[in-house]
Structure formats: C-alpha cells, structure tokens
Amino acid sequence: MTEPEPVIDRWFTTGPEPALIGRRCTKCGTYQFPPTGEWCPNPACDSMSMEDTELSRRGRVWSYTDAQYQPPAPFVPSTDAFEPFAIAAVELEAEAMVILGQVASGFGVGQLRVGTEVELVVEPIDASGALVWKWRPCSE
Amino acid sequence: MAVVGVGMHPWGKWGRNFVGYGVAAARAALDDAGVDWSDVDFIVGGETVRNGYGGYVAGSTMARALGWNGARVATCYAACASGSAAIEAARTRILAGLCDVALVVGADTTPKGFLAPNAGERWDDPDWLRFRLIGATNPAFFAMYARRRMDLYGAGPADFAMVKVKNARHGRHNPNARYRAEVKAEDVMASPVVSDPLRLLDICATSDGGAAVVLASPAAARRLGQTDVRIRAVSTVTPRFPNTALDLPDIATDSAAVVAPPAIGFRPSIAAAAYEEAGLGPEDLSLAEVYDLSTALELDWYEDIGLCGPGEAEKLLQEGATTIGGRIPVNPSGGLACFGEAVPAQAIAQVCEVTWQLRGQAGPRQVEGAQVGLTINQGLFGHGSCVILSK
Ligand SMILES: [Zn+2]
C-alpha cells in the first residue's frame, strides 16, 4: 500500500507534525504563501532569493464560515453525497499573515470563534485519498 | 469633467447576448446627452470574461454594434471594478485634451448560481486553486467578513436583514432594478444558510444588464447644455504592502512580519484617495452607492468610506441614517440587493444612479437636495473603484 500523497506539490509537509511550507526572503525576511514566489513581495526589497521555510503549525482564527451548498468545480466533494464543511482563515503570529484552509472533518462553525486557537493537520481532500491541509481547533 | 448622459438596460435574466444590453444602454445614454454617436471620439468597454472573444474586446464589440464611426477604442478589465477603470480611461483622455466626448459601456450576461472559475486544470491560478483546494466560494469570503462583524462588534442576523429590507424598499421604485418587491426581515432570516452566517437573501444574485455614461470636456458640456453633474474624483488605487485583510480570491494575505501594515487598510484607502482628489470628505456626501455583494458588506463600507467609526455601522443603520430621508442615504438605487451583479456594468450603473440623484431625476427614490454622491466598489486582485460626483 502506498502512502497518500499531497494533492499539490511542495505546499505542506505530511507526517505526525505537518506544516505549511512558505517562502522567506533571504535578504529582508518577509514571508510568503503559497510558496510560489521567486522574488520578494516587499516593495522596498529587490531580492530575487526566496527559500522554503516551514510556517507555524498553530494560529488563531481570523474568521470562519462554512459551505452549506456544494461549491462548483473544480471543487470535488469528499463523498458522493455532499456534506457541508467549515472554512477558517487563520492568523499566524510569527509570520503575521492569515492563511485560509478547510476546518478538520468533525468540526463546524459551532466550535469556532474569532481568536480560537487551531493547529494544522492533513486529511484526505476527496475520495482519491490525496492529502490537503486543514485547521483543527486545539483541544485545550 | 462632466457626465452629460447616462443610460441603462434593465437588470434581469433576459437570456440575450450581452451586446444587446450594451447597445440599449449606450443609445439611452447618447440620447440622454443629446450626442450623436458619430460625434463620439473615444469609446471604452468594460470587459466581460464569460462571453467569448467579443467580451474580451468589449470596446470594439460595442463600437461595431453601434456602427463603426472611427472612434479611438479601449477595453478595460478590473473584475468588479472594470466600469470605473473604463470611466477613468475616458476621463483622463478628456483631461489630457485628446478627446471631447467619450462613451463608456459595460454589459454582461451571467450564469445562474455561484460564480465559478473558467474551466480547465490550472494549478498555478489562485482563483482556480481556492475552489479546488478549499472550496472557498465568493459567498464564503463575504461570510467571513460578516462573521468578524458579529464576533468583534456584536452584529447579528437582524442587522444584516435590516440592510436587505432597506435596500428592497429603495429599489422598489427603480425601473432598472431586477427585484422590486418589499422584503421582510423574517423572510431574510428564514432563507437557507449559504455560508454561515449569511443566508440566501443576504447575498446578491448575478444578473444580465447594461449601463453606459457619456463624458465630455467642460467646453463640450457647455455646448450640449449638460453642465449639471461633474466628476470630482476617480480612485482606482491598488493596495499598499502588506495588505493584511484577506481579500477575495486570495488563499493568504501578505506578511506583516517585516514591514508594518499601512495606517489604513485597502478598502478605506480607496475612498481616502478619492476624497483627497476631490477635496471633499465624508461629511460632504449627500448619498453613497456602495457594493453590497452581501448585506453585511454594506455595513463594512459605511466604515470604510468614513460615515462612522469601526463597529458603528449597525447603529447608523438602526437609526435610519442610511435610509432615504435619513442623514446619508446609502444605495438609494436599491443596490446589488435589488439589481444582482452584472460585473462590467455595475460600477457604471452606480455612476448612473448618482447622476440621476444629482439632477433630481430619481423620482420616488430621490434624495432631497442631493449635492455630492460617492460610488465605491472593489475588484478582485487589488482593484479599487471609487467615483465622487457633484453638482
Ligand atoms: Zn525581501
């Protein structure tokens, strides 16, 4: 049996302590996600050198919602019968940025508030088993 | 810089080609201006991305449909801000003294349901990826902004419903609006949840429609006897780094780890640039047309254009200040709640409404003594859109 693969290359690590992979400018230290940047987004920096870096695994909810109706393609529902899922935008303190993701299965908007602490997990994105990052409310 | 003519094709789901709506709106605006099409020396189209090649070159598509007249041509795309980008192209060419009379047209035919990305596998397109990886629709973004009002300011579903009730009451009298029935708050709050906390009636529909304006130099406006309405400012600003509010359709914001965020965020900066250019402020406004893609988003705009401070929009609404007859009516046209969105036409339609209001031609939805009006909107991928008009 083969290990499930990320649905998109090089955006996050898997394993017991998964993390999003961002880019960081080697000159000024500015972060960027998604990790596609080949130059620094800081207008005061002319660096063309960005390196991959693992982003904080924990953050606080900036805002959240859910999808009660199936989104249009290219969204692929995880089961044949569409099940609503929650979405959170999460603020990472050290990186001072907000990153969107689905909320881990089993959690809905009822378990969230602006400011709720969440951590990064990876879960299957659909029936293919390919993995995607999600945000899961911390237990404490 | 004068607005000498305005015209619209009513919004709806007519199932016709977008060119027809654009031609109808253009002819209405030319007629309103008393301008012959052969005297227009610059035409600008708002691009539509859902109508094939003719939509990509909307300016020349409209010029051809009206009958080639040799005018200079341009087409502008700035998502929801396309209309004001087109107006700005026409305005600056007139201000440069290169043109006397310009026609700006936007028209669209839109599909039913969620606005979806273009087809195909595009793993490097952020607009495609947000659907593929997260399932984040446009209403999901609007819902996250609404949720922040609730958790930070104590707003509730009743406040959001009140926006819809107000706008429905305004739009009832607008012959160009698609929805012209009164709506009760309980109907809004009983409609199905689309993206918590927003319900179906909190979110604007997509519509077919067309809008056009004719702009003229001061000399040409005098010749036409159309000097009543002036454009005082057009703001098409982009964000300043780092943009720390999550903007549709991005998966992440800029990082503020190295550079501190600007003193004001992107949305307020759109209005601030227009106020500065016009030499006017929020206290000078008689009315505003703001982009109510959702009910809650209208409340964000109250604060972003300076009608009140952060967290005070619900109070302003509840006091009736933003209803026709109040201190600063917002969306007297009925807004997107009554129109539904026709992307390249919508920002032009906002300018049409303010023009009618400043001329005193808005009929039962007239804002008494209107002197100054503002339109505001934001297009995907960092497009500001704000126009200030005055008598
Ligand atoms: Zn840098």
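Residues numbered from 1 in each chain as written. Chains lettered and ligands numbered in written order. Predicted model: local features only at pLDDT ≥ 70, side-chain atom pairs only at ≥ 80, totals over all residues. Heavy atoms only, no water.

### With respect to helix 4 (residues 82–95) of chain B
Residue and element names in this part refer to chain B. The criterion, for reference: Strands here are runs of E lasting at least two residues and helices are runs of H or I lasting at least four, both read from the DSSP assignment and numbered beginning at the N terminus. Expected helix span is given by 1.5 Å per residue-to-residue step, counting one fewer step than there are residues. Think of it in three bands: with a 1.4 Å probe and only protein chains considered, a residue is buried below 20% of the maximum accessible area for its type, exposed above 50%, and partly exposed in between.
With 14 residues, helix 4 ought to run about 20 Å at 1.5 Å a step, and its terminal C-alpha atoms sit 20 Å apart, in line with that. Of all 14 residues in helix 4, 10 are buried; the element is thus mostly enclosed. All of the buried residues along helix 4 are Ser82, Gly83, Ser84, Ala86, Ile87, Glu88, Ala90, Arg91, Arg93 and Ile94. Two residues or fewer after helix 4 comes glycine 97, characterised by a positive phi angle close to 80 degrees.

### Details of the domain arrangement of chain B
Residue and element names in this part refer to chain B. The criterion, for reference: Domain borders in the structure are assigned automatically or taken from a domain database. Between two residues, a contact is recorded if the distance between any of their heavy atoms is within 4.5 Å. Here's the idea: put two parts together, see how much 1.4 Å probe accessible area each one loses, and the total over both is what we call buried area. Between Lys or Arg on one side and Asp or Glu on the other, a salt bridge is scored when a side-chain nitrogen of the former is within 4 Å of a carboxyl oxygen of the latter. We define a polar contact as two N or O atoms separated by no more than 3.5 Å, with the added condition that, inside protein, one atom must be a possible hydrogen donor and the other a possible acceptor, whereas residues neighbouring each other in sequence contribute only through side-chain atom pairs.
Per the domain assignment, the segments making up chain B are domain 1 (2–113 + 209–224) and domain 2 (126–205 + 229–390). Opposite the 41 residues of domain 1 that make contact, domain 2 presents 38 residues. If you sort the residues of domain 1 by the area they bury against domain 2, Met8, Trp11 and Cys80 come out on top, with a joint share of 27%. Taken together, domain 1 and domain 2 are joined by 2 salt bridges. Ionic pairing is found between arginine 91 and glutamate 277, a salt bridge with its closest N-O pair at 2.8 Å. Scanning the region where domain 1 abuts domain 2 turns up 8 residue pairs in polar contact (both at pLDDT 80 or more).

### Comments concerning the packing of helix 7 (residues 157–171) of chain B against helix 11 (residues 295–304) of chain B
All names here are of chain B. For the record, the criterion: Note on geometry: axes are lines fitted to C-alpha atoms, helical ones only across the stretch in contact, with angles between N-to-C directions running from 0 to 180 degrees. With respect to orientation, any angle under 35 degrees is reported as roughly parallel, any angle over 145 as roughly antiparallel, any angle of 65 to 115 as roughly perpendicular, and every other angle as oblique.
Where helix 7 contacts helix 11, the axes come no closer than 7 Å and their chain directions differ by 90 degrees. When the interaxial angle is binned, helix 7 and helix 11 end up roughly perpendicular. Between helix 7 and helix 11, the contacting residues are Phe160, Val163, Lys164, Lys166 and Asn167 on the first element and Thr295, Ala296, Glu298, Leu299 and Tyr302 on the second.

### Points about the nonpolar core
Here is the rule we go by: To form a nonpolar core, buried Ala, Val, Leu, Ile, Met, Phe, Trp, Tyr and Cys residues must be joined to one another through side-chain atoms within 4.5 Å.
Within the largest apolar cluster, 95 residues are counted, with the highest numbers of intra-cluster contacts made by Phe33, Ile99, Leu100, Trp133 and Trp135 of chain A together with Ile305 of chain B. Per-element accounting of this core gives the leading share, 8 residues, to helix 6 (residues 138–153) of chain B. Setting aside residues no more than four positions away along its own chain, isoleucine 99 of chain A makes contact with Leu20, Phe33, Leu55, Ala88, Ala89, Val90, Leu92, Trp133 and Trp135 of chain A together with Ile251 and Ala252 of chain B. Counting 38 residues, the second-largest nonpolar core is a separate cluster that includes Val3, Cys76, Ala177 and Ala345 of chain B.

### Considering the coordination of the zinc ion
Residue and element names in this part refer to chain A. Convention followed: Any nitrogen, oxygen or sulfur atom within 2.8 Å of a metal ion counts as a donor, with the limit raised to 3.2 Å for Na, K and Ca, and since water is left out, coordination shells can look unfinished. Tetrahedral means four donors with every angle between 85 and 135 degrees, whereas square planar (four donors) and octahedral (six donors) require angles over 155 degrees between opposite donors and between 65 and 115 for all others; sites fitting neither are termed irregular.
Looking at the zinc ion, the protein donor atoms are Cys25 (SG), Cys28 (SG), Cys40 (SG) and Cys45 (SG), and they sit 2.3 to 2.4 Å from it. Angles of 103 to 114 degrees at the metal separate the 4 donor atoms of the zinc ion, which places the site in the tetrahedral class. When the donor residues of the zinc ion are listed from N- to C-terminus, their spacing reads C-x2-C-x11-C-x4-C. Placement of cysteine 25 in strand 1 (residues 21–25) and of cysteine 40 in the loop between strand 2 (31–32) and strand 3 (50–54) is noted, with a sequence separation of 15 residues between them. Since its relative accessible area comes to 4%, cysteine 25 is described here as buried. What makes cysteine 40 buried here is its relative accessible area of 7%.

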